[in-house]
Amino acid sequence: MSITILSQSATVGGLEDWGTPARSLSEVPCKLSGIEVDLAGAGENRTGIWECQPGSFERQLANAELMHILTGECTFTPQGGEALSIKAGDTLFFPANTFGQWNVIQTIRKVYVVMASPH
């Protein structure tokens with residue numbers, strides 16, 4: 001088993017084009033990119049680096065997610081809640097079934113762990 005190191009993950013290159021959000025709210029959809037990291041022993045949990053250019057979209061992922069924001073600035077407004085200001089250095093813990101709206105002000109990059117859905 002080997003350890004994966006993404007040196008300087010805030011600026012590492014080689015991110016793959018992941019298209020645009022499925023539920024974009026911007027006139028011009030923001031562009032998504034990232035790297036999935038295969039982590040032995042993580043089961044069905046998914047891990048990696050994700051980047052999003054400025055724009056707005058709805059979060060539709062039903063899974064719980066842990067993320068650490070490496071760069072950028074945005075807000076997230078949970079359904080029925082107040083807008084949360086998020087910036088580089090923040091760590092977020094999204095419970096399962098957290099839906100709402102992302103508004104990316106300055107390109108954000110995050111490290112993420114998306115938890116597998118319980119069976």
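Residues numbered from 1 in each chain as written. Predicted model: local features only at pLDDT ≥ 70, side-chain atom pairs only at ≥ 80, totals over all residues. Heavy atoms only, no water.

Take the pattern of salt bridges next. All chains considered together, the criterion is met by four salt bridges. Across the salt bridge formed by R23 and E58, the nearest N and O atoms sit 3.1 Å from each other. A residue pair is termed long-range when its members are at least 10 positions apart, and R23 in the loop between strand 1 (16-17) and strand 2 (32-37) and E58 in strand 4 (residues 55-59) qualify at 35 residues. On the accessibility criterion, E58 (31% relative accessible area) is partly exposed. Of the charged contacts, one joins K110 and E65 as a salt bridge, the two residues approaching to 2.9 Å between their closest N and O atoms. Highlighted residues: K110 in strand 8 (residues 100-114) and E65 in strand 5 (residues 65-78), separated in sequence by 45 residues. Because the salt bridges share partners, they merge into one network encompassing R59, E65 and K110. (Salt bridge = Lys/Arg side-chain N within 4 Å of Asp/Glu carboxyl O. Helix = DSSP H or I, 4+ residues; strand = E, 2+ residues; numbered from the N terminus. Buried < 20%, exposed > 50% of the residue type's maximum accessible area, 1.4 Å probe, protein only.)

With that out of the way, let us pick up the side chain of N63. Its location among the elements puts N63 in the loop between strand 4 and strand 5. Of note is the side chain of N63, whose polar atom sits 2.7 Å from the backbone oxygen of M115. Reaching out from N63, the side chain makes a polar contact with the side chain of S117 at a distance of 3.2 Å. When near neighbours in sequence (up to four residues on either side) are disregarded, N63 contacts P95, A96, V114, M115, A116 and S117. (Polar contact = N/O pair within 3.5 Å; in protein donor to acceptor, adjacent residues only side chain to side chain. Contact = heavy atoms within 4.5 Å.)

Attention now goes to the nonpolar core. With 17 residues, the main nonpolar core has W50, C52, F57, I86 and W102 as its most contacted residues. Sorting the residues of this core by element identifies strand 3 (46-52), strand 5, strand 7 (91-94) and strand 8 as the ones contributing at least two each. Take this core: its biggest share by element is five residues, from strand 8. Beyond its immediate chain neighbours, meaning those up to four positions away, W50 contacts W18, L32, S33, G34, F57, I108, R109, K110 and Y112. (Core = buried A, V, L, I, M, F, W, Y, C linked by side-chain atoms within 4.5 Å.)

According to the stated counting rule, one finds five aromatic pairs in the structure shown. Seen in terms of ring centroids, F57 and W102 are 6.4 Å apart; in terms of plane orientation they differ by 25 degrees. Their pairing is stacked. Highlighted residues: F57 in strand 4 and W102 in strand 8, separated in sequence by 45 residues. Of the two residues examined, F57 and W102, each falls in the buried class. Taking the centre distance of 5.0 Å and the plane angle of 55 degrees together, the rings of F76 and W102 count as tilted. Of this pair, F76 sits in strand 5 while W102 sits in strand 8; the two residues are 26 residues apart in sequence, bridging distant segments of the chain. (Phe/Tyr/Trp six-rings, centres within 6.5 Å; stacked < 30°, edge-to-face > 60°.)

Let us look at the state of the cysteines. Following the criterion strictly, the structure yields zero disulfides and no others. Residue C52 stays outside any disulfide, its sulfur separated by 3.6 Å from that of C30, the closest cysteine. (Disulfide = S-S within 2.5 Å.)

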